[in-house]
Amino acid sequence: MDTTTNAPSAGGAGRLIIVPEQPAVGDLVHSVGESRNRDDCVLYSSRLDFALVNEVLNAQSISAVVVSAREFADHARKMLQEAGIALVVHDETPVDGTDVRCVVDASGFTILRPGVPISAICSVMNDRNLREYRRFGITDLGYYRFKFCLFQLFCLEPEAYFDADRIEEFLLAQLRELGSQHWTSIRCVLSDPTSAELAEMGVDVPREANPDLGVRGPRLMERWVPELGAIRRFMEESPIRIQICAPFVSNADEYKAFLAAIEASGIDLDRIRVGFTLEVPAMADTLPDLLAELRVDFVGIGTSDLFALYNGVDRSNPGLTVVPSSLANTTLLRRIVSAAAAHDVQMFVCGDVRRNEELMTALIREGVGELITSARIDELVDVTRLSHASAVGSSVAITRTSGE
């Protein structure tokens, strides 16, 4: 059997390797065949036999096979060769039976550490959304806006805004539905509706002259009492890990009041993760001190509000625009990310910026530790690629069979 160290085909491009648990190789090949196009995947196996070759040929989704055992039937190799499927022989078993992501390219066989984790940003969950998230292996709900849930309620029942019990029961029902979907964790983002949004739904509240700068989020914290009540009751009946996020925090005192409100609701702070979204530009300057003095498990950057306020633009006015990639905006983002990274606080980015691959790649290098995505297929693909690109590992030599 001749060998060479030539790179795999397709211009040496890296390929995702699907690593199965060894007893379930056949099942994995079948599942890959159903969900991916040909030439998408490389399969690792500890050995090569005719049964595996048959599975690979039938799958129509494997472009190469990596095996760690050098002893195998030559006809098995020839069958793969005639089907145009590359065979790579790697001397050492790189895994212990658990799933691992790897690539094969000109540098060799590379075992990757996990990339930046991906979570869902979705507050209107349906069967289609859930199916797409699961297809991409996303099991953490990273940004579940109570505000969007309540919009659905208030549009039908404007009077419910003034009924704390109705709000609590409605949100508890939403959380129970999420619980039936078997999410690993849910980050609940408390509500921060503006008076303009409430008025549009028929809720009778005083209309503020500049609602985006008005009574939002922690500035009307009693609005969070039924929301925290729903979370507490859900935690009593579900093992799903819960995170609670405060939106539109503008100073450290508001964040302290948020933590106190959680405790007052009966929620054990030791059982949850807590943090906030940074939308108010002043928080960028106070962030290092806040992170040093108070418990903050995560910080999200709400770029839509942050850039609007930072650039003096009304985000609801179509005649005014913000350039997210401007020097001022990217400098602000980097400053925030660096402050969080310096205190080992998990950071993620919301808003349209998360779809800017070049900027997000730079922010990942500087400390962003979580990617969130909607259920749009194009965004799911882009975010998954970005996560994979962030994975690193050590390359080892490979040999590739060739010829008769």
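Residues numbered from 1 in each chain as written. Predicted model: local features only at pLDDT ≥ 70, side-chain atom pairs only at ≥ 80, totals over all residues. Heavy atoms only, no water.

A. Just the sheet that holds strand S8 (residues 118-121), in detail. On the basis of which strands lie adjacent, the open sheet formed by eight strands has the order S14-S13-S12-S11-S10-S9-S8-S15 and parallel pairing. The sheet terminates laterally at strand S14 (346-350) and strand S15 (371-373), the two strands that pair on one side only. Along the sheet, successive strands turn relative to each other by an average axial angle of 25 degrees, direction set aside. Here strand S10 (residues 185-189) pairs with strand S11 (residues 241-246) via five bridges, running parallel. Bridge pairing links Cys 188 to Ile 244 in S11. (Pairing = 2+ DSSP bridges. Helix = DSSP H or I, 4+ residues; strand = E, 2+ residues; numbered from the N terminus. Axes fitted to C-alpha atoms, helices over the stretch in contact; angles between N-to-C directions.)

B. Layout of the packing of helix H5 (residues 146-156) against helix H6 (residues 164-180). Where H5 contacts H6, the two axes come as close as 11 Å, and the packing angle between them is 120 degrees. For the element pair H5 and H6, the recorded crossing hand is right-handed. Contacts between H5 and H6 involve Phe 146, Cys 149, Leu 150, Leu 153 and Phe 154 on the former and, on the latter, Arg 166, Ile 167, Phe 170, Leu 171 and Leu 175. For the contact of H5 with H6, a count of residues per class yields nine nonpolar, no polar and one charged. (Left-handed = near helix turned anticlockwise from the far one by under 90°. Contact = heavy atoms within 4.5 Å. Nonpolar A, V, L, I, M, F, W, Y, C, P; charged D, E, K, R; others polar.)

C. Expanded view of the side chain of Ser 123. Assignment of secondary structure puts Ser 123 in the loop between S8 and helix H4 (127-135). A polar side-chain atom of Ser 123 sits 2.7 Å from the main-chain amide nitrogen of Arg 145. Apart from the residues within four sequence positions on either side, Ser 123 is in contact with Tyr 143, Tyr 144, Arg 145, Phe 148, Cys 149 and Gln 152. (Polar contact = N/O pair within 3.5 Å; in protein donor to acceptor, adjacent residues only side chain to side chain.)

D. Representation of the state of the cysteines within the structure. Taken as a whole, this structure holds zero disulfides when the rule is applied. Looking at Cys 122, it has no disulfide partner, and the nearest cysteine sulfur is the one in Cys 149, 9.3 Å off. Classification of Cys 122 as buried rests on a relative accessible area of 10%. (Disulfide = S-S within 2.5 Å. Buried < 20%, exposed > 50% of the residue type's maximum accessible area, 1.4 Å probe, protein only.)

E. Summary view of empty space enclosed by the protein. Evaluated as defined, the whole model comprises one cavity of 30 Å³ or more. Taken as a whole, the largest cavity holds about 40 Å³ of empty space. As for the largest cavity, its lining consists of Val 349, Arg 354, Met 360, Glu 370, Leu 371, Ile 372, Val 383 and Leu 386. When its residues are assigned to classes, the lining of the largest cavity shows six nonpolar, no polar and two charged. (1 Å grid on protein atoms, 1.4 Å probe; cavity = no way out; pocket = protein on both sides within 12 Å on 5 of 7 lines; lining within 4 Å. Points joined across faces, edges and corners; volume = space filled by probe spheres on them.)

F. Region of the structure containing the packing of aromatic side chains. A full pass over the atoms with the stated rule returns 10 aromatic pairs. On the basis of an interplanar angle of 65 degrees and a centroid distance of 5.3 Å, the ring pair of Tyr 255 and Phe 276 is categorised as edge-to-face. Here Tyr 255 is found in helix H9 (residues 252-264), whereas its partner Phe 276 is found in strand S12 (residues 272-278), with 21 residues between them in sequence. A relative accessible area of 0% places Tyr 255 in the buried class. For Phe 276, a relative accessible area of 0% puts it in the buried group. Taken together, the ring pairs connect Trp 224, Tyr 255, Phe 258 and Phe 276 into an aromatic cluster. It is Arg 134 that lies over the ring of Trp 183; its NZ or CZ is 4.2 Å from the centre. The cationic tip of Arg 216 hangs over the ring face of Phe 248; the distance from NZ or CZ to the ring centre is 3.9 Å. (Phe/Tyr/Trp six-rings, centres within 6.5 Å; stacked < 30°, edge-to-face > 60°. Lys NZ or Arg CZ within 6 Å of the ring centre and 35° of its normal.)

G. Region of the structure containing the nonpolar core. In terms of nonpolar packing, the biggest core is built from 87 residues, with Phe 154, Ile 186, Ile 231, Ile 244, Tyr 255, Phe 258 and Phe 276 touching the most fellow members. Setting aside anything within four residues of it in sequence, one finds Phe 154 in contact with Ala 160, Tyr 161, Ile 167, Leu 198, Met 201 and Val 203. Counting residues in each nonpolar core, the second largest holds 15 residues, with Val 53, Ile 62, Val 65 and Val 89 among its members. (Core = buried A, V, L, I, M, F, W, Y, C linked by side-chain atoms within 4.5 Å.)

H. Spatial organisation of the confidence of the model for the chain. Considering every residue of the chain, the mean pLDDT works out to 82; 80% of them sit at 70 or more. Every residue in residues 393-404 is under pLDDT 50, and counting partners more than four places away or in other chains gives 50 contacts. (pLDDT = per-residue confidence, 0-100.)

I. View of the layout of surface pockets. Of the voids in this model, the second largest pocket is the one considered here, and its volume is about 680 Å³. What lines the second largest pocket is a set of 36 residues, among which Arg 145, Lys 147, Phe 148, Ser 304 and Arg 315 lie closest to the centre. Of all the secondary structure elements, the ones that give two or more residues to the lining of the second largest pocket are H4, strand S9 (140-145), H5, helix H7 (195-200) and helix H11 (303-311). Among the elements that make up the lining of the second largest pocket, the one with the highest residue count is H11 (three residues). Each residue belonging to the lining of the second largest pocket can be placed in one class, and the counts come to 13 nonpolar, 10 polar and 13 charged.

J. Quick look at the pattern of salt bridges. Considering all chains together, one arrives at 24 salt bridges under this definition. The partner of Arg 216 in a salt bridge is Asp 305, with the nearest N and O atoms 3.1 Å apart. Within this pair, whereas Arg 216 is found in the loop between H7 and helix H8 (225-237), its partner Asp 305 is found in helix H11, the two being separated by 89 residues in sequence. Among the salt bridges present, the one from Arg 385 reaches Asp 382, with a minimum N-O distance of 3.1 Å. Of this pair, Arg 385 and Asp 382 both sit in helix H14 (residues 377-390), separated by three residues, roughly a single helical turn. Looking at Asp 382, the relative accessible area reads 35%, which means it is partly exposed. (Salt bridge = Lys/Arg side-chain N within 4 Å of Asp/Glu carboxyl O.)

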